[in-house]
Amino acid sequence: MTITSPTRTRDSSVRQAAHGAPRRPSRFKPGAGQQMKAGPFAYIALLVVGIASVLPLYWTLVAASHTQDEVLDSTPPFLPGGRLMHNLDAAWDQAHLGKAIVNSIVVSGCITAATLFFCTLAGYAFAKMRFRGRGGLMTAVIATLTIPPQLSVVPLFMMMSDIGWGGKLESVIFPTLVSAFGVFFMRQYLSEALPYELIEAAKIDGANNIRVVLSIVLPVARPAMMVLGMLTFVQAWNDFFWPYLALNQQNPTLQVALGQLSASYTPDQSIVMAGALISTLPLLVVFVIFGKRIVGGIMSGAVKG
Amino acid sequence: MATSTPTRDTYGPPDRGSQQISAARQKWRSRLWRFDDKASPYAYIAPFFLVFGAFGLYPLIYTGWIALHRVEMTGLDQMQWVGWDNFSRILQDSEFWTAVSNTFLIGVMSTVPQLLVALGLAHLLNYKLRASTFWRTIILTPYATSVASAALVFALVFRADGGLLNWVLHFIGLGHTNWTNGHWTSKIAISIIVIWRWTGYNTLIYLAAMQAVPTDLYEAASIDGASRWQQFRKVTIPSLRPTILFTIVISTIGSMQLFGEPLLLEGGTLGATGGNENQYETLSVYLYNYGWNLGHLGPAAAVAWAMLALLLIIAAINWLIGRFVRKSAA
C-alpha cells in the first residue's frame, strides 16, 4: 500500500462525530500575511547581515590555509593561502581526527535513526490515538524541554562509568535516543497530514496497529522525517557539553577533538582552524543542498505551537 | 475507558469467512484486538519516557543526593556523607557569585539584541523579496556551525595581538582593546558569538509567525490610515506575542547553559576558569571546573542544584511578568 498524497476531505462532520473532538484548523498558510514589496533598504540590510553570517566561516578557511604567523600578522591575509593541505595533515595527526570523524558519524547516525523511529511512533500516538492521560503526558514531554542537561551530568557521568560505558560512545548515544522536540514536531505534522479516514480504512481491512504504522504512518510522515532527521543530525554532530565531559582524548567526537586541540599547551591557531574547517564542512555541504528544506522545517516546527 | 471510545467496535476485525471461525476463536481475536488498541499508544510513547527517566529524571534527582556527599573523580564509587558542606562551600565562594552574575549578564547581553535583530530581520524577510529562499538560508548558515568551531574562530577575531577586530579598529583609527581581559569586553565577545549563531534561527521562527498573521488585519489597518511602522507596532507585534514569549523562554534556558563559548574563548587553563579573573566564567564552566578540572564532584552537583534554583526563580519572574502584561492589557 503506497500513499502518494494524503488527501484531506472537507467532510469532517463524520470524523467529528466518530471522534468527539473537532480538528483544529491549520494556522499556517504560506504566502499569507504582509506582502508588500521590499525597497532597496531591505536588500542592503539583508546583504550586511548575510555577509556577517558568512564572514567568520570564510575567515576559518583563510586562517586554515596560512601559517599561524601570517594569520596573526599586523596585516592579516584576506585570501586563502597554500598551506591548507599541510595544516589539515597536522590537525589530522595531532587530534585523532580520523577516529573523531568516524565517531561523529557513528554517534550522529545512531541518534538520528533512533530519534526518527521513536519520535514518529510517539508523535503518531499523541496525534491520532486516544488513550488515558494523553494531554498530561504530552505536557510532560514539552516540559522536559526546559531542563538543561547541566542538572544531571554529574550522576550521569557516575552511572556511565558504573555500567562500563565510561569514555565510550554509548554514553553519548543513549541519553539522546529520543527528543522531546522530535515527538512534538512529529505530532504537529501528523495531526495535520494524516487523515483519520486512512487509519480507519486500514483497520477495516484488518490491519493491526503495527501494520497501520508500517504501511500508513511511516509513508505519510516521510517529508517531516526528512526535516527532523536533518535537524537532529545537525544537533548531534554539533553537540559539545556532554560529549566533552563524557569522552576522552583517545576516543573523541569531532567537537571534542576540536576542544582538546585548542586546550593543548600551545595550540597552533592555523591547525586549530583546519580542524574547525573539517568539523564544519560536512554540515555546510548538507546546508547548501538541503537549505530550503531545513529552513522550511524550522519555520513549520515553530509556528504550529 | 470504554465510555470514551464508544464507536471503537465498529472498526473491529474483518468478518472474513465467519462460518469457518469458531465462536471461541472469534472472542479471542476481538479481545486481542482490544488489547492491541489499548496497549499500543503506551508502547509507542514508552521509549521517550524510558530514556528520559533513565538519563534525565533519575540523574536529576540523584544530583541532589550526590550534592550531600564527598565524591572525587579519582574514586567514583566512594561516597562519603558530608551534609550541607558542599552547598556552604560554593555559596561562600566568591567565584560562584561571579559566575552567577556573569551568566545573568551574558544572558541579557546576548538574548535582548539577538531577539530584537531577529524581529527586524523577520520583518524584512516578510516583504516580497527577490531570492527570498537564498536570504533565509544564508542567515541560517551560522546555525550549521558548532559551538566549538564558532568559539574558536571568534577567539581569533577577538585576540589582543593579531586579532581581526583590533586590526579593523586600528585601521579606522580607534584604539587597541584587550577584548578577553576586560570585564565588559569579554562578555561582549561571548555575547557576539551567541548572537551570531542564533539570530538566524530566531528570525525564521518570527518569520513563520508573521506569515500566519491574517492579511485582512493589515488591510484594515491601512484603510484606517496606519503607516508601515504603526502596522508593525500595532498589528505584527501583538500577533507575535506568544511566539516572542516562546523565544524568550528558549533563549533564557539556552543562556543558562553557555559552556563552549567561554571555555574555548582563550582555551587552555584560562578556559576552565573563565579568564584570569573569572571575568567570563559562566555557571556551566564553574561546574565543569569543580567537577572535571579539579575533580570534586560533590560541589559540582551542588552547583547543578543551584542552577535548578536559579531556573525556578527565572520561571517565577517570567510568570509574574506575563501575568502583569496580561492584566495591564485587559
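What you see is a predicted model; the values in this text were computed from it and never measured. (Residues numbered from 1 in each chain as written. Chains lettered and ligands numbered in written order. Predicted model: local features only at pLDDT ≥ 70, side-chain atom pairs only at ≥ 80, totals over all residues. Heavy atoms only, no water.)

**Student:** Give me the overall build of chain A: which residues, what numbers.
**Tutor:** Within chain A one finds 14 helices and 0 strands. What you see in chain A, going N to C, is helices and strands ordered as α-α-α-α-α-α-α-α-α-α-α-α-α-α. Buried residues in chain A amount to 52% of all 305 residues. A separation of at least 24 residues holds for 72% of the contacts in chain A among residues at least 6 apart in sequence. A total of about 13500 Å² of accessible surface is found on chain A, and carbon and sulfur atoms cover 64% of it. (Helix = DSSP H or I, 4+ residues; strand = E, 2+ residues; numbered from the N terminus. Buried < 20%, exposed > 50% of the residue type's maximum accessible area, 1.4 Å probe, protein only. Contact = heavy atoms within 4.5 Å. Areas by Shrake-Rupley, 256 points an atom, 1.4 Å probe, with all protein chains shown as cover.)

**Student:** Kindly report on the overall build of chain B, identifying the contributing residues and their values.
**Tutor:** Summing up its helical and strand segments, chain B has 14 helices and 2 strands in all. Of the contacts formed within chain B by residues at least 6 apart in sequence, a portion of 65% connects residues at least 24 apart. Accessible area for chain B stands at about 16200 Å²; split by element, carbon and sulfur atoms hold 64% of it. Taking the 23 positively charged and 17 negatively charged side chains of chain B as two groups, their mean positions are separated by 14 Å. (Lys, Arg positive; Asp, Glu negative; His and termini not counted. Charge placed at Lys NZ, Arg CZ, Asp CG, Glu CD.)

**Student:** Describe in detail empty space enclosed by the protein, supporting the description with residues and values.
**Tutor:** Over the atoms, a rolling probe the size of a water molecule traces out where space has been left empty. Residue and element names in this part refer to chain A. In this structure the tally under the stated criterion is 2 cavities of 30 Å³ or more. In this model, the second largest cavity occupies a volume close to 50 Å³. Considering the residues around the second largest cavity, the lining is formed by Ser104, Val107, Ser108, Val172, Ala236, Trp237, Asp239, Pro243 and Thr253. For the lining of the second largest cavity, the secondary-structure elements that each account for two or more residues are helix 5 (97–128) and helix 11 (209–238). Across the lining of the second largest cavity, the residue classes break down as 5 nonpolar, 3 polar and 1 charged. (1 Å grid on protein atoms, 1.4 Å probe; cavity = no way out; pocket = protein on both sides within 12 Å on 5 of 7 lines; lining within 4 Å. Points joined across faces, edges and corners; volume = space filled by probe spheres on them. Nonpolar A, V, L, I, M, F, W, Y, C, P; charged D, E, K, R; others polar.)

**Student:** Could you give an account of the pairing of strand 1 (residues 69–72) of chain B, with specific residues and numbers?
**Tutor:** All names here are of chain B. Alignment of strand 1 against strand 2 (residues 75–81), held across 3 bridges, turns out to be antiparallel. What sits directly across from His69, in strand 2, is Trp81. Taking the residues that link successive antiparallel strands as the turn, the strand 1-strand 2 hairpin has 2 residues. (Pairing = 2+ DSSP bridges.)

**Student:** Tell me about the packing of aromatic side chains, and name the residues and values.
**Tutor:** All names here are of chain B. As enumerated under the stated definition, the model contains 32 aromatic pairs over all chains in all. Ring geometry for Phe48 and Phe49: centres 5.2 Å apart, planes at 90°, overall edge-to-face. Since its relative accessible area comes to 5%, Phe48 is described here as buried. With relative accessibility at 25%, the residue Phe49 sits in the partly exposed group. Residue placement shows Lys187 over the ring face of Trp184; its charged tip is 5.9 Å from the ring centre. (Phe/Tyr/Trp six-rings, centres within 6.5 Å; stacked < 30°, edge-to-face > 60°. Lys NZ or Arg CZ within 6 Å of the ring centre and 35° of its normal.)

**Student:** Before we move on, can you summarise a nonpolar patch on the surface with the specific residues and values?
**Tutor:** A surface patch of nonpolar side chains, about 590 Å² in accessible area, is lined by Leu47, Ile51, Leu55, Tyr58, Phe78 and Leu79 of chain A. With respect to the secondary-structure elements, Ile51 of chain A resides in helix 2 (residues 40–64). (Patch = residues over 30% accessible without salt bridge, like charges linked within 9 Å, V, L, I, M, F, W, Y side chains within 5 Å. Salt bridge = Lys/Arg side-chain N within 4 Å of Asp/Glu carboxyl O.)

**Student:** Tell me about the confidence of the model for chain A, and please be specific about residues and values.
**Tutor:** Close inspection of predicted coordinates is inappropriate for parts of the model with low pLDDT. Scored by pLDDT, chain A has a mean of 83; 87% of the residues are at 70 or more. Low pLDDT, under 50, characterises residues 1–33 of chain A; the predicted model gives this stretch 49 contacts beyond four residues in sequence or across chains. (pLDDT = per-residue confidence, 0-100.)

**Student:** Can you explain a positive patch on the surface? Please cite residues and give values.
**Tutor:** Judged by side-chain charge, Arg132 of chain A together with Lys27, Arg31, Arg34 and Lys38 of chain B come together as a positively charged surface patch. The exposed category is assigned to Lys27 of chain B, whose relative accessible area is 55%.

**Student:** Residues and numbers for the pattern of salt bridges, please.
**Tutor:** All told, the structure shown has 1 salt bridge over all chains when counted by the stated rule. Of the charged contacts in the structure, one is a salt bridge between Lys203 of chain A and Asp37 of chain B, with a shortest N-O distance of 2.8 Å. In this pair, Lys203 of chain A sits in helix 10 (residues 196–204) while Asp37 of chain B sits in helix 1 (residues 23–66), so the two residues belong to two different chains. Just as Lys203 of chain A is buried, Asp37 of chain B falls in that class too.

**Student:** Give a description of the nonpolar core that names residues and reports values.
**Tutor:** Residues Tyr124 and Ile298 of chain A together with Leu140 and Trp292 of chain B are the most contacted members of the largest nonpolar core, which totals 170 residues. With 15 residues, helix 11 of chain A is the single largest residue contributor to this core. (Core = buried A, V, L, I, M, F, W, Y, C linked by side-chain atoms within 4.5 Å.)

**Student:** Quick rundown of the environment of Ala90 of chain A? Include the residues and the values.
**Tutor:** Residues and elements named next belong to chain A. By the element assignment, Ala90 lies in helix 4 (residues 84–94). Assessed through its relative accessible area of 15%, Ala90 is described here as buried. Spatially, the C-alpha atom of Ala90 lies 40 Å from that of Phe118, the residues being 28 residues apart in sequence.

**Student:** Lay out the environment of Val82 of chain B with the relevant residues and their values.
**Tutor:** Residue and element names in this part refer to chain B. You can see Val82 is positioned in the loop between strand 2 and helix 2 (85–91). Owing to a relative accessible area of 21%, Val82 belongs among the partly exposed residues under this scheme. Each C-alpha atom, one on Val82 and one on Leu68, is 5.7 Å from the other, the two residues being 14 residues apart in sequence. Once residues within four sequence positions are removed from consideration, Val82 is found in contact with Leu68, His69 and Arg70.

**Student:** Now, about the side chain of Thr111 of chain B: what can you tell me, with residues and values included?
**Tutor:** As for its position among the elements, Thr111 of chain B is in helix 3 (residues 94–125). Residues contacting Thr111 of chain B, with those up to four places away along its chain left out, are Ser251 and Ser255 of chain B.

**Student:** Explain the interface of chain B and chain A residue by residue, including any values.
**Tutor:** With 103 residues of chain B at the contact, the number on the chain A side is 113 residues. Summing both sides of the interface, chain B and chain A together bury roughly 9600 Å²; the carbon and sulfur share of this comes to 74%. In this assembly, chain B and chain A are joined by 1 salt bridge. Here the element with the most residues in the side of chain B that touches chain A is helix 1 of chain B; it accounts for 22 residues. Each residue belonging to the side of chain B that touches chain A can be placed in one class, and the counts come to 69 nonpolar, 24 polar and 10 charged. (Buried area = accessible area lost by both parts, 1.4 Å probe.)

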